[in-house]
Every structure is written in structure tokens, then in C-alpha cells.
Amino acid sequence: MTDTQTLIENRPPSVANLFLERVEATPDAEAYRYPVPSAGGGPDSWRSLSWQEAATRVFAIAAGLMDLGVRPEERVAIASATRVEWILADLGVLCAGAATTTVYPSTNADETAFILADSGSRLLIAEDAAQLAKVLGRRAELPELSHVVVMDAEGVETGTDDGWVLSLADLEKRGALYLEKNPEAVREAVGALTKDQLATLIYTSGTTGRPKGVRLPHDCWAYMARAIEANGLLEAADVQYLWLPLAHVFGKVLTAGHITIGHVTAVDGRVDKIIENLPVVQPTYMAAVPRIFEKVYNGVAVKARAGGGAKYKIFKWAAEVAREYAKVTQDNRRRTGTPSAPFALSAQHAVADRLVYGKLREAFGGKLRACVSGSAALAPEIGYFFSGAGIHILEGYGLTESSAASFVNPGEAYRTGTVGKPLPGTEVRIAEDGEILLRGPGIMQGYHGLPEKTAEVLEPDGWFHTGDIGELSADGFLTITDRKKDIIKNSNGKYIAPAAVEGQFKAVCPFVSNVLVIGASRNFCSALIALDEPTILGWAAENGMAGRPYAEVVASDQVRELIGGYVRRLNDDLQRWQQIKTFRVLPRDLDVEHGDLTPSLKLKRPVVEREFKDLIDDMYSGTREV
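So, here is what we can say about the structure in this document. Since we're looking at a predicted model, the values are computed, not measured.

What to know about the environment of Y34
Among the structural elements, Y34 can be located in strand β1 (residues 30-36). Given a relative accessible area of 18%, Y34 falls into the buried group. On a C-alpha basis, the gap between Y34 and G398 in space is 28 Å, while along the polypeptide they are 364 residues apart.

Spelled out as C-alpha cells, the structure:
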């Protein structure tokens, strides 16, 4: 048996066990960093928790939950943005033997109530008054919800006669008193955990209908932790910047890997603080979704354009050099094992590094070894750009139903445009129709209370139907083609993968935020295009439209001609049946608030198509124009 097999097969039953092992091994090492806002409005200060300090709080939370009557496998919901208290609360739930139900802070009151009721959650840990407000008037609808614990209790009335609402500080005090009487209670609860016990209920945000609760037992997370360790990508000396939503499986799996490896994690879920935080945190490792890399790329391009013609010309040249350098070096590494490039290209790359790439790396904090990108497809041309600039984006792949990390690119040998190889212990095969099937310890038990839905995707022998179409290379690298249900068949019988076309357009057009290719059962393809507000308004200010509102700018003839030029450039690289024959610029950007995107920023195609049906009908009733 190899060391990797030993590491994975001898895993403990839960991440709670791994947490206790980590605290015992490195009690005084730094575990978490978290920001503390300045009272005067200045820069945040950052504080740290050692593993032992974190354990003290985790034990108090776990014991407090026990004192409130929470029993093994009963659900405790967390509705909060990403912050260190989310992680401590989750670990407290697991160490109490209970199971965490995750709720996005952006989830509205109706859906929050549905998730709490469907999961049978006994207790809710809410971030603040805004999250508490979602359930305050719904106690009659949620008879199983015995208490609400509030992290930030400012403006919240706690300690009421019935004790329904209490602060996290109050919960920890109760737990500390409980431990004085029962000092071994938490360790005994962890010791009693079995691998098949429910650990987490994550509700898929879904593109249609009510979300489904995905049941992930303790063994899923213990396996993920050990598989991430065996993968060798992360080291104990790393500093991770964690901002992804922890209600999403991608964010959650990062906490499991962190515990088994023992590196530092800086936690701050405020997306608007990412650019400000990066030079302060100076991460060596960060996970993100493609939209973040797209925004960085577009921001750099627009800033270069604003610097004048010469500066923009240098940027465009450097971008092409980066892409060519990345493609050549990755191809040579694959063929010969050495990431070499011809002398002339290497010389160009060195010049571009001094002029452009070095500044870009500094913006990421200057110490970044690698980023992992997941949740959706990253446009290859954007991936090649960052690769050539020395910011290595390792694409990965997984689903909520597979505990997130089923595939990841292998460190320096990564291949842009693929999602890498399966994690040790995960099996993959491609069905006859191209669908990716997965099997392994990371696969869910099923959908909560939905045996028929479970049977639709999970075979008796453990193979899970992902719904994604893909191809495996001879040496095991997986390339995702599209979602099975999203493949377009036009009226001429030609098949089109819209995500591939959309990704190419994002690489071509620096102003695009989101794009939706349409063409099912039609005789040509069209597109709905949403533009990034700060980027297009910056362009407008330089082109005689300074001060005009976003809706007026995107409706202008100048913007239509601008975007039309990029569509024509895209079409030059497409097959005839893939080409965008006409398009419409949307009057607003797509976002989570309007329901166009999931909280992990995936496009909800049916929702967008319904919302903008009139524009779609207009494209197919009028004259084609690009």
C-alpha cells in the first residue's frame, strides 16, 4: 500500500477528530487571522487565533449546544457571511455530534424558513439582526427551532424571558459552565462519532424550484481533508486567504483541508475588501470563482486603456506574450517534462514581466504560489493570461453532491483548460453520452427526504451522475465540455456548447460581466450581454458620455457598436453554426439580488431567459445584425 493510500484509508471518522489531532500537534501555532474594523474608519487591524485558542472557543460552543439540548445528528443552521465565527460555530456543531445546515446570508426570509423547516433544524446561529429578522416573525412555522444564537448581538434583544434569542458570547459562557461540570463531554461526543453520521446539510441553490438538501456524512469531510493532504498542493507554511461563502461546498471543503495541513487561514468574506486585503494578507494560496479572475483581468485592461494608447498597446502585447508563453511552456512540460520556451519568446516574456506582470503579482500580495478556481468554467484565454503572468490558476471540479473537490490540477504540472486529475480515492468514468460519472468516499448519501430525486442521480453501486459532459485524456486529465442540460441543439441539428462560446467572449471583450448564448431549436445563435458597470462607465467617461447613468450608456449606439466589434472578433474563431448572429446589451448587470445568479455566481439560464424574454423574441423576429 502506498503512503497516499495509507493516509486516506486510515482516516479518522470525522473532521472533528482531525481538529483534536491538530490542536494536540500544534497548539500554539497560528490557525486563523481575522479583521477587526477600525473605529475611526481607517484600515482594519488583523488579529490571530492559535489552534488552542480556537479549540477553547469551539469546545465552549459545542458544550453550549449540548446544554441547550442539541443531540447527535440534530441540525444546527448557520446563516452568516464568511467570518472566523462561522468556522468556530461549524466546528462546535460537529464536535457536539450534531450536523450543520448551511444558509447563505443572501437567502430571503421565505427560502430561509423553507430550509430550516425542511432540514428540521433545532437551532439557528445567525450572523446579526438582519439574519435574525428572517425568522423572528415565523416561530409558529418553525416549531422545531428552539433557539436562535446571534454572533453580532448589536441591536438585538437577548436574554428574554423565554430565552429564544441569545448571543454567541452567552452560548460560550453556558458552554464553559457546562464543561466545568462535564469536562470530558466534548471529547466523548467526538469519540462517539461514526463516519456515516450526518455532518452537513448543504442546500443546492438550484437554477429552478426549491433547493435540495445534500446529505454529507462525516466521512466525506474526513476523506476530503486527507485527499487534499495527499494531493501535496498545500503546505504547513502556506497562508490561505479565505473569502468564499462557507455556505457553499467549495468554501466548506477548504476548512477541512486547512485543519489536516495546519497552515494559516486569513478569513474575511467581504468581497469588496479583496483588493484591499491581498497586499495585507499576502497569501501564498487562494481559492476563487472565475468571475473574480475575469474582473481582475478586465480591470487591468481598462486601466491600461485609460493610461493612453501607448500604455494600452503595451498591455495588449504583454497579454498575447503571456498567453503564448503559457501555452508553449505547458505543452513542453507535458511532452518533455521541462517547461521551456524558445529564446525569443523568453526574452519578450522577461520584458513584459518587468512592464506588466510584476505589478499584477504585487496586487495579489506578491507571494501567491497558486490559486484554485472552481464552481464554474474559467475561460482558457484568461487562464493562459494569468499563467503567463506568473499567477498560476489551478482549475478544479466537483459538485455539492461530491463534497466539492473531486478533481484538481496537479501543482506545477497543471494544464489550463482542464480541471486536472481526480483526487486520490475518487473514481471517474465517462458514460456513452459523454456524462461524467463519479464514485468515491466524497459522494453524498442522497438528497434529504427525497429518495426519488436521489435515485435519479445515484446508482445502487455508488456511481453518481454529475449532469456534466466531459472528456478524459489518456493520462487522466478531465476537460468539462458543458452541462448536459445546457447543450444547445439548433433547428439544423447542430450541437453547440454555450459555456465554451461564452468563455471565449469573456476572453475577447474586457467590458463583459455576463453573457448568455441562446439558440436551442433556433436556426442561429444569439446572445444576451451584460456589461460590468465600473468598466463600461469608465469607457463612457472617455468617450463623451461622462456622468450619464449606466442604463443610458448601455443603451447607446456607441456601446452597441463597441460590443458589436468584439462579437465580430469572437465570430472569426467560431464555426458558422456557433456564431452569434445578433445580440442585445441588457439594461442592467446580472446579479444574485435579482435571482439571475446563484450565490456562487453561476448563471441561472432559465431565470434570465424568462426575465428577458421580450429581448430574445425581438432578436428572432427582427433583422440579424452584428
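A short note on the sheet that holds strand β13 (residues 370-373)
Strand order in the open sheet formed by nine strands is β2-β1-β11-β10-β12-β13-β14-β15-β16, with mixed pairing between adjacent strands. Since the sheet does not close on itself, it has two edges, and those belong to β2 (45-50) and β16 (421-422), each with one partner. Looking at chain direction, strand β10 (residues 239-242) and strand β12 (residues 285-288) are connected through two bridges and run parallel. Across the sheet, Q240 pairs through a bridge with Y285, a residue of β12. In the packing of helix α4 (residues 84-95) onto the sheet, contacts are made with β1, β2, β10 and β11 (264-267), and the angle to β1 comes to roughly 135°.

Some points on the sheet that holds strand β24 (residues 512-518)
A sheet is described by the order of its strands in space; here three strands give the open sequence β24-β25-β26, paired in mixed fashion. In this open sheet, the two edge strands, each paired with only one partner strand, are β24 and β26 (580-585). On average, adjacent strands in this sheet sit at an angle of 25° to one another, irrespective of strand direction. Summarising the sheet, strand β25 (residues 525-531) and β26 pair through five bridges and their orientation is parallel. Note on β26: the bridge partner recorded for S526 is T582.

Quick word on the pattern of salt bridges
The tally for this structure, following the rule as stated, stands at 36 salt bridges. D331 serves as the salt-bridge partner of R334, at 2.4 Å between the closest nitrogen and oxygen. Here R334 pairs with D331, and both are found in helix α13 (residues 309-336), just three residues apart, close to one helical turn. Members of the salt-bridge network, linked through shared partners, are R291, E294, K295, K506 and D532.

Some words on the nonpolar core
Counting 139 residues, the largest nonpolar core has F19, Y32, V186, W243, F315, F364 and F386 as its most contacted members. Not counting residues within four places of it along the chain, the set of residues in contact with F364 comprises L278, P283, M286, V296, F386 and I391. Of all hydrophobic cores here, the second largest spans 31 residues; its members include L531, A540, Y550 and V554.

Examining the packing of aromatic side chains
The tally for this structure, following the rule as stated, stands at 12 aromatic pairs. Among the aromatic side chains, those forming a connected cluster through ring pairs are F293, Y297, F315, F364, F385 and F386. The ring of Y447 has K212 lying over it, and the distance from NZ or CZ to the ring centre is 5.0 Å. The ring of W221 carries the charged tip of K252 above its face, separated from the ring centre by 4.4 Å.

Comments concerning the layout of surface pockets
Empty pockets left among the atoms are what a rolling probe the size of a water molecule brings to light. Put simply, the second largest pocket is a space of about 480 Å³. Lining of the second largest pocket is provided by 20 residues; of these, E320, R323, A507, V508 and R569 occupy positions nearest its centre. Elements with a minimum of two residues in the lining of the second largest pocket: α12 (290-306), α13, α17 (498-508) and α20 (557-571). It is α13 that contributes the most residues to the lining of the second largest pocket, six residues altogether. Residue classes in the lining of the second largest pocket are distributed as 11 nonpolar, one polar and eight charged.

Re the state of the cysteines
Counted under the stated rule, the structure contains zero disulfides. Here C95 stays unpaired: no disulfide links it, and the sulfur of C220, its closest cysteine neighbor, is 18 Å away.

Some thoughts on the packing of helix α2 (residues 15-25) against helix α9 (residues 218-231)
Remark: α2 packs on α9, axes separated minimally by 8 Å, with the N-to-C direction vectors making an angle of 50°. Compared by their axis directions, α2 and α9 come out oblique. Residues V15, L18 and E21 of α2 form the contact with α9, whose participating residues are W221, A222, A225 and R226. When its residues are assigned to classes, the contact of α2 with α9 shows five nonpolar, no polar and two charged.

Remarks on the environment of A555
Its location among the elements puts A555 in the loop between α19 (550-554) and α20. Taking the C-alpha atoms as reference points, A555 and V253, 302 residues apart in sequence, are found 42 Å from one another.

How each quantity is defined
Residues numbered from 1 in each chain as written. Predicted model: local features only at pLDDT ≥ 70, side-chain atom pairs only at ≥ 80, totals over all residues. Heavy atoms only, no water. Helix = DSSP H or I, 4+ residues; strand = E, 2+ residues; numbered from the N terminus. Buried < 20%, exposed > 50% of the residue type's maximum accessible area, 1.4 Å probe, protein only. Pairing = 2+ DSSP bridges. Contact = heavy atoms within 4.5 Å. Axes fitted to C-alpha atoms, helices over the stretch in contact; angles between N-to-C directions. Salt bridge = Lys/Arg side-chain N within 4 Å of Asp/Glu carboxyl O. Core = buried A, V, L, I, M, F, W, Y, C linked by side-chain atoms within 4.5 Å. Phe/Tyr/Trp six-rings, centres within 6.5 Å; stacked < 30°, edge-to-face > 60°. Lys NZ or Arg CZ within 6 Å of the ring centre and 35° of its normal. 1 Å grid on protein atoms, 1.4 Å probe; cavity = no way out; pocket = protein on both sides within 12 Å on 5 of 7 lines; lining within 4 Å. Points joined across faces, edges and corners; volume = space filled by probe spheres on them. Nonpolar A, V, L, I, M, F, W, Y, C, P; charged D, E, K, R; others polar. Disulfide = S-S within 2.5 Å. Parallel < 35°, antiparallel > 145°, perpendicular 65-115°, else oblique.

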